Amino acid sequence: MRLLLVIAVLALTGCSLFRKGDAEPLPVQPPGPTKPDVVATLGKDLDKTDHRVASALVAIERNADKPKVVVAESRLAQSYLPAPPEADVAFAMARATKADPVDYQKQMAFGRQLATSVTKAWEKLEAQQAEALRVSQLKDARIVELSKEVERVKKDASAQTWTLVGAGLAVVGALTTAFMGPRIGLPLLLCGAFCGSVPFIIDSPYFEYIAAGTLLVCSGLGLWWLADKVRDSVNKPNDEPPQA
């Protein structure tokens, strides 16, 4: 009998030994914002600034013979830019004073190279933002998955507990029926069967109806028992001897 009980317990709890393999590790999230509107809004503002400055410079070049227009457009272009350091202003003034075409060609090449590197850096930032958003979504999905797994483990543990309790009551009920009679053993067997069916009852879509029906039946039995007690007390014969 003990061997059978050990086998039954191992059969009931053996499934808890099997677990899902380790989940695939998440990729490293780049150091970028996860909301696309952050980069998009900043990019639009920078593009607007660049376009306004470039347009003002084109207006200056096309109106070089109009000093007032040149000054006005120059000030307008400067309003879109931060104030330059004094060292850069001195460097530009020296270049303008020298007015060497070779120096201008070198500075133009440097400017194109700098603009290209800035564009590449911006494209890299956009790619990092997209990857950060993807990894962030993977993390959110993993959190949801782990939460569901925790709930499943709790549910399985609860079901196994009810099953073990039901099996124990069934064994005790069987032994009690064999040695002490069905009057004591049968209620234990019924309790064991009920405990074993609790997980299925809870998971059933009709759980609310089952619970309500059980409460009604218990209430009806309680009222019937109370009415029977009252009726017995009323109909109880008077055993006192008559007075002489």
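Reference entry: report on the structure contained in this document. This structure is a prediction, so every number in the text was calculated from the model and none was measured. (Residues numbered from 1 in each chain as written. Predicted model: local features only at pLDDT ≥ 70, side-chain atom pairs only at ≥ 80, totals over all residues. Heavy atoms only, no water.)

**Brief notes about the pattern of salt bridges**
Once the charged atoms of two side chains with opposite charge are near each other, the side chains can pair. Tallied over the entire structure, the rule returns five salt bridges. A salt bridge links Glu-131 to Arg-134, with the shortest nitrogen-to-oxygen separation between them at 2.7 Å. Separated by three residues within a single helix, Glu-131 and Arg-134 lie in helix H5 (residues 101-180), roughly one turn from each other. On the basis of relative accessibility, which here comes to 38%, the residue Arg-134 falls in the partly exposed class. Two residues, Arg-152 and Glu-149, come together in a salt bridge whose shortest N-O distance is 2.6 Å. With Arg-152 and Glu-149 both in helix H5, this residue pair falls three residues apart, about one helical turn. What makes Glu-149 partly exposed here is its relative accessible area of 22%. Where salt bridges share partners, they join Glu-149, Arg-152 and Asp-156 into one cluster. (Salt bridge = Lys/Arg side-chain N within 4 Å of Asp/Glu carboxyl O. Helix = DSSP H or I, 4+ residues; strand = E, 2+ residues; numbered from the N terminus. Buried < 20%, exposed > 50% of the residue type's maximum accessible area, 1.4 Å probe, protein only.)

**Focus: the packing of helix H4 (residues 86-98) against H5**
In contact at an axis separation of 9 Å, H4 and H5 are set at 140 degrees when each is read in the N-to-C sense. Our classification of the angle between H4 and H5 gives oblique. In this structure, H4 crosses over H5, and the sense of that crossing is left-handed. When H4 is examined against H5, the residues Phe-91, Arg-95, Ala-96 and Lys-98 are found in contact with a partner set consisting of Asp-103, Tyr-104 and Gln-107. Its residues placed into classes, the contact of H4 with H5 shows three nonpolar, one polar and three charged. (Axes fitted to C-alpha atoms, helices over the stretch in contact; angles between N-to-C directions. Parallel < 35°, antiparallel > 145°, perpendicular 65-115°, else oblique. Left-handed = near helix turned anticlockwise from the far one by under 90°. Contact = heavy atoms within 4.5 Å. Nonpolar A, V, L, I, M, F, W, Y, C, P; charged D, E, K, R; others polar.)

**A word on the side chain of Thr-176**
With respect to the secondary-structure elements, Thr-176 resides in helix H5. Under the relative-accessibility criterion, Thr-176 is labelled buried at 10%. Of note is the side chain of Thr-176, whose polar atom sits 2.6 Å from the backbone oxygen of Val-172. The residues contacting Thr-176, other than those within four sequence positions of it, are Gly-181, Ile-184, Gly-185 and Leu-188. (Polar contact = N/O pair within 3.5 Å; in protein donor to acceptor, adjacent residues only side chain to side chain.)

These values are about where atoms sit, not about what they do.
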